[in-house]
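Structural description and commentary
If you want the building blocks of each chain, they are given just below.
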Amino acid sequence: MVKVATLPRRKTKLNKKKRSPSDLAFRKKINDIKRNALETPGSYPKEVVVTHTLNIARAVKNMKSFRERTPRAVREVKRYVRNKFNVREVNFDPALNRYLWQNGKANPPRKVRLQVTRTSNTSEDSKFNTYSADVTVVVPPAGFKGLSTEVEPVKN
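As a starting point, this report considers the structure included with it. Counting starts from 1 at the beginning of each chain's written sequence and moves along it residue by residue. For this predicted model, a pLDDT threshold of at least 70 governs which residues receive local features, and a threshold of 80 or more governs which side-chain atom pairs are given and counted, while totals over whole chains, interfaces and linings are taken from all residues. The basis for every side-chain value is the complete set of heavy atoms in the structure, and neither hydrogens nor water enter the calculation.

**So, unusual backbone geometry**
The backbone of Asn62 sits at a positive phi, close to 60 degrees, despite the residue not being glycine. Each helix corresponds to a stretch of at least 4 residues labelled H or I by DSSP, and each strand to a stretch of at least 2 residues labelled E; elements are numbered beginning at the N terminus. For Asn62, the location among the structural elements is in the loop between α2 (57-60) and α3 (69-85). For Asn62, a relative accessible area of 72% translates into the label exposed. Phi is positive for Asn86, which is not a glycine, with a value near 55 degrees. Relative to the helices and strands, Asn86 resides in the loop between α3 and β2 (89-92). Residue exposure (1.4 Å probe, protein chains only): buried if accessible area is under 20% of the type maximum, exposed if over 50%, otherwise partly exposed.

**As for the nonpolar core**
What makes a nonpolar core is a set of buried Ala, Val, Leu, Ile, Met, Phe, Trp, Tyr and Cys residues whose side-chain atoms join them at distances within 4.5 Å. In this structure, Val81, Val112 and Leu114 are the most contacted members of the largest nonpolar core, which totals 24 residues. Here the element with the most residues in this core is α3; it accounts for six residues. We call two residues in contact whenever any of their non-hydrogen atoms come within 4.5 Å of each other. Once you skip the residues sitting within four places of it in the chain, Val81 turns out to touch Asn86, Val87, Val90, Val116, Ala133 and Val135.

**Considering helix α4 (residues 94-101)**
Within α4 the residues assigned to the buried category are Leu96, Tyr99 and Leu100. Seen end-on, α4 carries its buried residues on one side only, within an arc spanning 95 degrees. Every exposed residue of α4 that faces more than 90 degrees away from the buried side is listed here: Pro94 and Arg98. Each element contacted by the buried residues of α4 is listed here: α3, β2, β3 (111-120) and β4 (131-137). Our arc is simply the arc of the directions from the helix axis toward the C-beta atoms.

**A short note on the pairing of strand β1 (residues 48-55)**
Every regular strand shows the same layout, with side chains that alternate between the two sheet faces. Pairing between strands requires that DSSP locate at least two bridges from one strand to the other. Relative to β3, β1 runs antiparallel, the two sharing eight bridges. In the sheet register, Val49 faces β3, and the bridge partner there is Thr117. In this sheet, strand β5 (residues 150-153) lies alongside β1 in antiparallel orientation, the contact comprising four bridges. The residue of β5 that forms the bridge with Thr51 is Glu150.

**So, the sheet that holds β5**
Spatially, the five strands line up as an open sheet ordered β2-β4-β3-β1-β5, and their pairing is mixed. The two strands at the open ends of the sheet, each matched to only one other strand, are β2 and β5. Pairwise comparison of adjacent strand axes, ignoring direction, gives a mean angle of 25 degrees for this sheet. Axis angles are defined between N-to-C directions and span 0 to 180 degrees, where every axis is a line fitted to C-alpha atoms and, for a helix, only to the segment in contact. Contacts from α3 reach β1, β2, β3 and β4 within the one sheet, and its direction differs from that of β2 by about 135 degrees.

**Here we look at the pattern of salt bridges**
Salt bridges are identified by distance alone: a Lys or Arg side-chain nitrogen within 4 Å of an Asp or Glu carboxyl oxygen. Tallying each qualifying case throughout the model produces two salt bridges. With a closest N to O distance of 2.8 Å, Arg79 and Glu76 form a salt bridge. Of this pair, Arg79 and Glu76 both sit in helix α3, three residues apart, which is roughly one turn of the helix. Of the residues examined, Arg79 reaches a relative accessible area of 45% and is grouped as partly exposed. The partner of Glu150 in a salt bridge is Arg113, with the nearest N and O atoms 3.7 Å apart.

Next up, the structure:
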């Protein structure tokens, strides 16, 4: 069998899709919304209290090392709060830490109900001057079924 060399494909203007003016305006509007995400009506206000159920079992399933399950659960809770609330500093309540570690290193709870308080960070001893999140645990007496996310403004 003879190998035939092929030339690289030539890029032409025909391959490029033309955008209409309305499409460009729409894109500009979307980019403005993304830039001002914290001030848009769909996002959380600057200072807020949110109660939410987090499924930890998803984060720790199929791990090779059982000894790393609870440390991974702690990291996942912190990562969730950082991403969802756009904060750098996450402060855990000792009760939340006890709740995550109550069954030992290999068996974290499957779900956890978090109450996250996002406040502006004005203290001098903090590293960052943006926002901080205080995370506490809420243990529902009747289980996690039927619970939804609750959003409340901060009470000063």
